[in-house]
Amino acid sequence: MTSGTHARPHRPAEHESEAPQPSGRRWQRRPFRVWALGTPIVVLLCGGLFVVSADNSDGTDLRPGRYTDLASLVASESRAYERLQERVDRLNADIDALAVSVDDRNVNRYRGRIDELKDPAGMVPQTGAGVTVTLTDSDPSLADEAAENADSGLDVNWFLVHQQDIQAVVNAMWKGGAKAVTVQGKRIISTTGIKCIGNSVTLQGRPYSPPYTITAVGDQGELITAIQEDEYLKEYRAQAERPDIAIGWDLQLEDEVTAPAYDGLLDLSYAEPIR
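Cut-off values and rules
Residues numbered from 1 in each chain as written. Predicted model: local features only at pLDDT ≥ 70, side-chain atom pairs only at ≥ 80, totals over all residues. Heavy atoms only, no water. Axes fitted to C-alpha atoms, helices over the stretch in contact; angles between N-to-C directions. Helix = DSSP H or I, 4+ residues; strand = E, 2+ residues; numbered from the N terminus. Parallel < 35°, antiparallel > 145°, perpendicular 65-115°, else oblique. Left-handed = near helix turned anticlockwise from the far one by under 90°. Contact = heavy atoms within 4.5 Å. Buried < 20%, exposed > 50% of the residue type's maximum accessible area, 1.4 Å probe, protein only. Phe/Tyr/Trp six-rings, centres within 6.5 Å; stacked < 30°, edge-to-face > 60°. Lys NZ or Arg CZ within 6 Å of the ring centre and 35° of its normal. 1 Å grid on protein atoms, 1.4 Å probe; cavity = no way out; pocket = protein on both sides within 12 Å on 5 of 7 lines; lining within 4 Å. Points joined across faces, edges and corners; volume = space filled by probe spheres on them. Nonpolar A, V, L, I, M, F, W, Y, C, P; charged D, E, K, R; others polar. Pairing = 2+ DSSP bridges. pLDDT = per-residue confidence, 0-100.

Draft legend 1. Region of interest: the packing of helix α5 (residues 163–175) against helix α7 (residues 231–241). Two numbers describe how α5 lies on α7: the axes approach to 9 Å, and their chain directions differ by 125 degrees. Overall, the two elements α5 and α7 adopt an arrangement that is oblique. In the crossing of α5 with α7, the sense of the turn from one axis to the other is left-handed. On the side of α5, the interface is formed by Gln-164, Asp-165, Ala-168, Val-169 and Ala-172, while α7 contributes Tyr-232, Leu-233 and Tyr-236.

Draft legend 2. Representation of the environment of Leu-160 within the structure. Relative to the assigned elements, Leu-160 resides in the loop between α4 (140–148) and α5. Residue Leu-160 is classed as partly exposed on the basis of its relative accessible area of 29%. Considering only alpha carbons, one finds Leu-160 and Leu-135, 25 residues apart in sequence, at a separation of 9.4 Å. Discounting residues that sit within four places of it in the chain, Leu-160 has contacts with Asp-137, Asp-165, Asn-199 and Ile-247.

Draft legend 3. Spotlight on the packing of aromatic side chains. The tally for this structure, following the rule as stated, stands at one aromatic pair. An angle of 55 degrees between the planes, with centres 5.8 Å apart, marks the rings of Tyr-236 and Trp-249 as tilted. Note that Tyr-236 is positioned in helix α7 and Trp-249 in strand β8 (residues 248–259), a separation of 13 residues in sequence. Above the face of the Tyr-110 ring, Arg-109 is positioned so that its terminal group lies 5.4 Å from the ring centre. Directly above the ring of Trp-249 sits Arg-237, whose terminal nitrogen or CZ lies 5.7 Å from the centroid.

Draft legend 4. Structural detail: the layout of surface pockets. Considering only enclosed or pocket space, the second largest pocket measures out at about 720 Å³ in volume. The wall of the second largest pocket is formed by 22 residues, among which Asn-92, Asp-96, Ile-114, Lys-118 and Leu-266 lie closest to the centre. Sorting the residues of the lining of the second largest pocket by element identifies α2 (70–101) and α3 (105–118) as the ones contributing at least two each. Taken together, the residues of the lining of the second largest pocket sort by class into twelve nonpolar, three polar and seven charged.

Draft legend 5. Region of interest: unusual backbone geometry. For the bond from Pro-210 to Pro-211, the omega torsion is 5 degrees, close enough to zero to count as cis. Despite not being glycine, Ala-246 shows a phi value in the positive range, around 50 degrees. Relative to the helices and strands, Ala-246 resides in the loop between α7 and β8. On the basis of relative accessible area, Ala-246 is assigned to the partly exposed category, the value being 31%.

Draft legend 6. Structural context of the sheet that holds strand β5 (residues 200–203). The strand order across the open sheet formed by three strands is β4-β5-β6, and the pairing between neighbours is antiparallel. Sheet topology places β4 (194–197) and β6 (206–208) at the edges, where each strand pairs with a single neighbour. Going from strand to strand, the sheet's axes swing by 35 degrees on average, the running direction of each strand aside. Sheet analysis places β5 next to β6, joined by three bridges and oriented antiparallel. What sits directly across from Leu-203, in β6, is Arg-206. Each of β4 and β5 is contacted by α5, which is oriented at about 160 degrees to β4, the strand it contacts most.

Draft legend 7. Spatial organisation of the confidence of the model for the chain. Of the residues in the chain, 75% have a pLDDT of 70 or more, and the chain-wide mean is 79. Counting interchain partners and residues more than four positions distant, the pLDDT-below-50 stretch residues 1–19 has two contacts. Counting interchain partners and residues more than four positions distant, the pLDDT-below-50 stretch residues 61–68 has five contacts.

Draft legend 8. Representation of the environment of Pro-243 in the model. Tracing the chain through its elements places Pro-243 in the loop between α7 and β8. Taking relative accessible area as the criterion, Pro-243 reaches 70% and is therefore assigned exposed. Put simply, Pro-243 and Leu-142 are 101 residues apart on the chain and 9.0 Å apart in space, counted from C-alpha to C-alpha.

Following this line, the structure appears as C-alpha coordinates:
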(Lines give C-alpha, C1' and ligand atoms only; values in the text may rest on other atoms or scores of the structure.)
Protein backbone atom coordinates (compact mmCIF):
# COMPACT_ATOMS: atom_id res chain seq x y z
CA MET A 1 0.00 0.00 0.00
CA THR A 2 1.31 3.41 -0.86
CA SER A 3 0.88 6.21 1.56
CA GLY A 4 -1.18 9.26 0.68
CA THR A 5 -4.76 10.29 0.35
CA HIS A 6 -5.08 9.22 -3.29
CA ALA A 7 -4.07 5.55 -2.99
CA ARG A 8 -5.65 3.26 -5.52
CA PRO A 9 -8.59 1.28 -3.78
CA HIS A 10 -8.58 -2.52 -3.67
CA ARG A 11 -11.25 -4.07 -5.88
CA PRO A 12 -12.69 -7.30 -4.30
CA ALA A 13 -12.76 -10.48 -6.35
CA GLU A 14 -16.09 -11.76 -7.74
CA HIS A 15 -16.27 -14.58 -5.16
CA GLU A 16 -15.60 -12.18 -2.33
CA SER A 17 -18.16 -10.00 -0.76
CA GLU A 18 -17.38 -6.56 0.33
CA ALA A 19 -17.03 -6.37 4.06
CA PRO A 20 -18.94 -3.63 5.69
CA GLN A 21 -16.73 -0.66 6.47
CA PRO A 22 -16.64 0.37 10.07
CA SER A 23 -18.00 3.73 10.80
CA GLY A 24 -15.69 6.48 12.01
CA ARG A 25 -11.91 6.81 11.47
CA ARG A 26 -10.13 4.32 9.15
CA TRP A 27 -6.95 2.82 10.72
CA GLN A 28 -3.87 2.66 8.47
CA ARG A 29 -0.31 1.41 9.04
CA ARG A 30 1.85 4.35 10.11
CA PRO A 31 4.63 4.95 7.52
CA PHE A 32 8.29 4.76 8.54
CA ARG A 33 9.66 8.17 9.50
CA VAL A 34 13.23 9.02 8.42
CA TRP A 35 13.68 11.41 11.32
CA ALA A 36 13.14 8.54 13.76
CA LEU A 37 16.58 7.25 12.74
CA GLY A 38 18.11 10.62 11.88
CA THR A 39 17.55 12.24 15.28
CA PRO A 40 19.90 9.94 17.26
CA ILE A 41 22.51 10.24 14.50
CA VAL A 42 22.40 14.06 14.66
CA VAL A 43 22.68 13.94 18.47
CA LEU A 44 25.74 11.68 18.23
CA LEU A 45 27.38 13.96 15.64
CA CYS A 46 26.77 17.05 17.79
CA GLY A 47 28.28 15.31 20.77
CA GLY A 48 31.33 14.39 18.69
CA LEU A 49 31.73 18.01 17.56
CA PHE A 50 31.59 19.23 21.16
CA VAL A 51 34.35 16.77 22.13
CA VAL A 52 36.56 17.79 19.18
CA SER A 53 36.04 21.51 19.89
CA ALA A 54 36.88 21.08 23.57
CA ASP A 55 40.05 19.19 22.67
CA ASN A 56 41.19 21.75 20.07
CA SER A 57 40.44 24.79 22.20
CA ASP A 58 42.53 23.49 25.09
CA GLY A 59 40.57 25.66 27.48
CA THR A 60 40.63 28.78 25.28
CA ASP A 61 38.05 30.52 23.11
CA LEU A 62 37.98 29.19 19.56
CA ARG A 63 36.36 32.40 18.33
CA PRO A 64 37.66 35.24 20.49
CA GLY A 65 36.06 38.63 20.13
CA ARG A 66 37.71 41.17 17.88
CA TYR A 67 40.19 43.38 19.67
CA THR A 68 39.13 46.99 19.55
CA ASP A 69 41.68 48.30 22.03
CA LEU A 70 45.16 48.33 20.46
CA ALA A 71 46.87 49.00 23.79
CA SER A 72 45.22 45.94 25.37
CA LEU A 73 46.21 43.80 22.40
CA VAL A 74 49.84 44.91 22.58
CA ALA A 75 49.96 44.34 26.35
CA SER A 76 48.41 40.87 26.06
CA GLU A 77 50.74 39.76 23.27
CA SER A 78 53.75 41.20 25.10
CA ARG A 79 52.97 39.20 28.24
CA ALA A 80 52.62 36.02 26.18
CA TYR A 81 55.94 36.73 24.48
CA GLU A 82 57.68 37.34 27.80
CA ARG A 83 56.45 34.01 29.19
CA LEU A 84 57.74 32.17 26.14
CA GLN A 85 61.02 34.07 26.25
CA GLU A 86 61.56 33.08 29.88
CA ARG A 87 61.02 29.44 28.95
CA VAL A 88 63.53 29.74 26.08
CA ASP A 89 66.10 31.29 28.43
CA ARG A 90 65.72 28.41 30.89
CA LEU A 91 66.09 25.81 28.15
CA ASN A 92 69.16 27.56 26.71
CA ALA A 93 70.72 27.66 30.18
CA ASP A 94 70.12 23.91 30.52
CA ILE A 95 71.73 23.31 27.13
CA ASP A 96 74.80 25.37 28.07
CA ALA A 97 75.17 23.51 31.37
CA LEU A 98 74.96 20.15 29.63
CA ALA A 99 77.45 21.22 26.95
CA VAL A 100 79.99 22.33 29.56
CA SER A 101 79.71 19.00 31.36
CA VAL A 102 80.69 17.07 28.21
CA ASP A 103 84.44 16.48 28.08
CA ASP A 104 84.97 15.68 24.42
CA ARG A 105 87.55 17.02 21.99
CA ASN A 106 85.09 17.49 19.12
CA VAL A 107 82.56 19.20 21.35
CA ASN A 108 85.20 21.57 22.72
CA ARG A 109 86.36 22.40 19.18
CA TYR A 110 82.84 23.29 18.08
CA ARG A 111 82.29 25.36 21.21
CA GLY A 112 85.43 27.34 20.41
CA ARG A 113 84.16 27.96 16.89
CA ILE A 114 80.81 29.12 18.27
CA ASP A 115 82.55 31.59 20.58
CA GLU A 116 84.38 33.08 17.57
CA LEU A 117 81.12 33.61 15.68
CA LYS A 118 79.10 35.06 18.56
CA ASP A 119 80.29 38.63 18.00
CA PRO A 120 79.59 38.92 14.25
CA ALA A 121 76.29 37.06 14.78
CA GLY A 122 75.09 39.66 17.29
CA MET A 123 75.34 37.48 20.40
CA VAL A 124 77.76 39.84 22.17
CA PRO A 125 76.78 43.32 23.53
CA GLN A 126 78.24 46.37 21.79
CA THR A 127 78.94 49.70 23.51
CA GLY A 128 80.11 52.98 22.01
CA ALA A 129 79.09 56.23 20.35
CA GLY A 130 76.11 56.08 18.05
CA VAL A 131 72.98 57.60 16.53
CA THR A 132 69.32 57.27 17.51
CA VAL A 133 66.40 57.88 15.12
CA THR A 134 62.84 58.06 16.46
CA LEU A 135 59.81 57.63 14.20
CA THR A 136 56.24 58.30 15.28
CA ASP A 137 52.79 58.72 13.72
CA SER A 138 51.36 62.09 12.80
CA ASP A 139 48.80 63.79 15.00
CA PRO A 140 45.46 61.98 14.41
CA SER A 141 43.73 65.30 13.77
CA LEU A 142 45.85 65.80 10.64
CA ALA A 143 44.83 62.41 9.28
CA ASP A 144 41.18 63.14 10.05
CA GLU A 145 41.38 66.50 8.30
CA ALA A 146 42.94 64.89 5.21
CA ALA A 147 40.25 62.19 5.17
CA GLU A 148 37.47 64.80 5.29
CA ASN A 149 39.04 66.85 2.52
CA ALA A 150 38.96 64.59 -0.54
CA ASP A 151 40.69 67.24 -2.67
CA SER A 152 43.80 67.39 -0.49
CA GLY A 153 45.50 64.59 -2.43
CA LEU A 154 47.00 63.22 0.80
CA ASP A 155 47.25 59.47 1.32
CA VAL A 156 46.16 58.34 4.80
CA ASN A 157 49.16 55.98 4.87
CA TRP A 158 51.48 58.99 4.93
CA PHE A 159 50.40 59.74 8.49
CA LEU A 160 51.49 56.37 9.91
CA VAL A 161 54.87 54.74 10.45
CA HIS A 162 55.12 51.50 8.49
CA GLN A 163 57.53 48.60 8.57
CA GLN A 164 59.29 49.84 5.42
CA ASP A 165 60.05 53.12 7.19
CA ILE A 166 61.76 51.28 10.05
CA GLN A 167 63.55 48.97 7.63
CA ALA A 168 64.83 51.94 5.63
CA VAL A 169 66.44 53.43 8.74
CA VAL A 170 67.95 50.08 9.76
CA ASN A 171 69.33 49.45 6.27
CA ALA A 172 70.84 52.94 6.10
CA MET A 173 72.55 52.34 9.44
CA TRP A 174 74.00 49.05 8.21
CA LYS A 175 75.19 50.84 5.08
CA GLY A 176 76.86 53.42 7.33
CA GLY A 177 78.95 50.70 8.96
CA ALA A 178 76.96 50.18 12.17
CA LYS A 179 78.50 47.62 14.53
CA ALA A 180 75.11 46.91 16.06
CA VAL A 181 71.51 48.10 15.58
CA THR A 182 68.56 47.93 17.95
CA VAL A 183 64.84 48.61 17.47
CA GLN A 184 62.88 49.33 20.65
CA GLY A 185 65.98 48.21 22.54
CA LYS A 186 66.02 44.79 20.83
CA ARG A 187 69.12 43.70 18.93
CA ILE A 188 68.65 43.30 15.18
CA ILE A 189 70.46 40.48 13.39
CA SER A 190 70.42 39.14 9.83
CA THR A 191 67.39 36.90 10.46
CA THR A 192 65.26 39.49 12.27
CA GLY A 193 61.92 40.21 10.63
CA ILE A 194 60.07 43.50 11.04
CA LYS A 195 56.36 43.11 10.30
CA CYS A 196 53.52 45.60 10.30
CA ILE A 197 50.24 44.25 11.72
CA GLY A 198 47.45 46.80 11.91
CA ASN A 199 48.72 49.92 13.69
CA SER A 200 51.54 48.10 15.47
CA VAL A 201 54.89 46.69 14.38
CA THR A 202 55.87 43.15 15.36
CA LEU A 203 59.51 42.48 16.13
CA GLN A 204 60.67 38.94 16.99
CA GLY A 205 57.06 37.96 17.59
CA ARG A 206 56.32 40.84 19.96
CA PRO A 207 54.10 43.79 18.95
CA TYR A 208 55.17 47.39 19.59
CA SER A 209 53.25 50.63 19.23
CA PRO A 210 54.81 53.98 18.20
CA PRO A 211 57.06 55.81 18.75
CA TYR A 212 59.75 53.54 17.28
CA THR A 213 63.32 54.05 18.43
CA ILE A 214 66.16 52.79 16.21
CA THR A 215 69.70 53.04 17.59
CA ALA A 216 73.03 52.19 15.95
CA VAL A 217 76.48 51.82 17.47
CA GLY A 218 79.23 53.04 15.14
CA ASP A 219 80.97 56.02 13.60
CA GLN A 220 78.53 58.92 13.91
CA GLY A 221 79.71 60.76 10.79
CA GLU A 222 79.33 57.72 8.54
CA LEU A 223 75.97 56.83 10.05
CA ILE A 224 74.55 60.32 9.52
CA THR A 225 75.88 60.47 5.95
CA ALA A 226 74.25 57.13 5.08
CA ILE A 227 70.94 58.25 6.58
CA GLN A 228 70.96 61.61 4.80
CA GLU A 229 71.82 60.09 1.42
CA ASP A 230 69.13 57.40 1.51
CA GLU A 231 66.49 58.29 -1.11
CA TYR A 232 63.59 56.70 0.76
CA LEU A 233 64.41 58.57 3.96
CA LYS A 234 64.69 61.83 2.02
CA GLU A 235 61.03 61.46 1.07
CA TYR A 236 60.12 60.55 4.66
CA ARG A 237 61.87 63.63 6.04
CA ALA A 238 60.20 65.81 3.40
CA GLN A 239 56.80 64.62 4.64
CA ALA A 240 57.90 65.20 8.22
CA GLU A 241 58.63 68.86 7.36
CA ARG A 242 55.21 69.42 5.78
CA PRO A 243 52.82 70.94 8.35
CA ASP A 244 49.85 69.13 6.79
CA ILE A 245 51.52 65.72 7.35
CA ALA A 246 54.16 66.27 10.06
CA ILE A 247 54.98 62.60 10.57
CA GLY A 248 57.44 62.19 13.41
CA TRP A 249 61.19 62.23 12.72
CA ASP A 250 63.97 62.87 15.24
CA LEU A 251 67.72 62.17 15.05
CA GLN A 252 70.00 62.38 18.09
CA LEU A 253 73.73 61.80 18.55
CA GLU A 254 74.64 59.47 21.41
CA ASP A 255 77.96 59.78 23.23
CA GLU A 256 77.62 56.25 24.52
CA VAL A 257 74.96 53.66 23.86
CA THR A 258 74.80 49.92 24.51
CA ALA A 259 73.24 47.43 22.14
CA PRO A 260 72.46 44.25 24.12
CA ALA A 261 73.13 40.80 22.77
CA TYR A 262 70.45 39.19 20.66
CA ASP A 263 68.12 37.18 22.88
CA GLY A 264 65.56 35.89 20.40
CA LEU A 265 65.07 32.49 18.82
CA LEU A 266 67.79 31.08 16.61
CA ASP A 267 65.59 29.25 14.12
CA LEU A 268 67.00 29.27 10.59
CA SER A 269 65.12 28.43 7.40
CA TYR A 270 67.02 28.29 4.15
CA ALA A 271 66.79 26.87 0.64
CA GLU A 272 69.31 24.66 -1.15
CA PRO A 273 69.87 24.80 -4.91
CA ILE A 274 68.76 21.78 -6.93
CA ARG A 275 71.76 19.85 -8.17
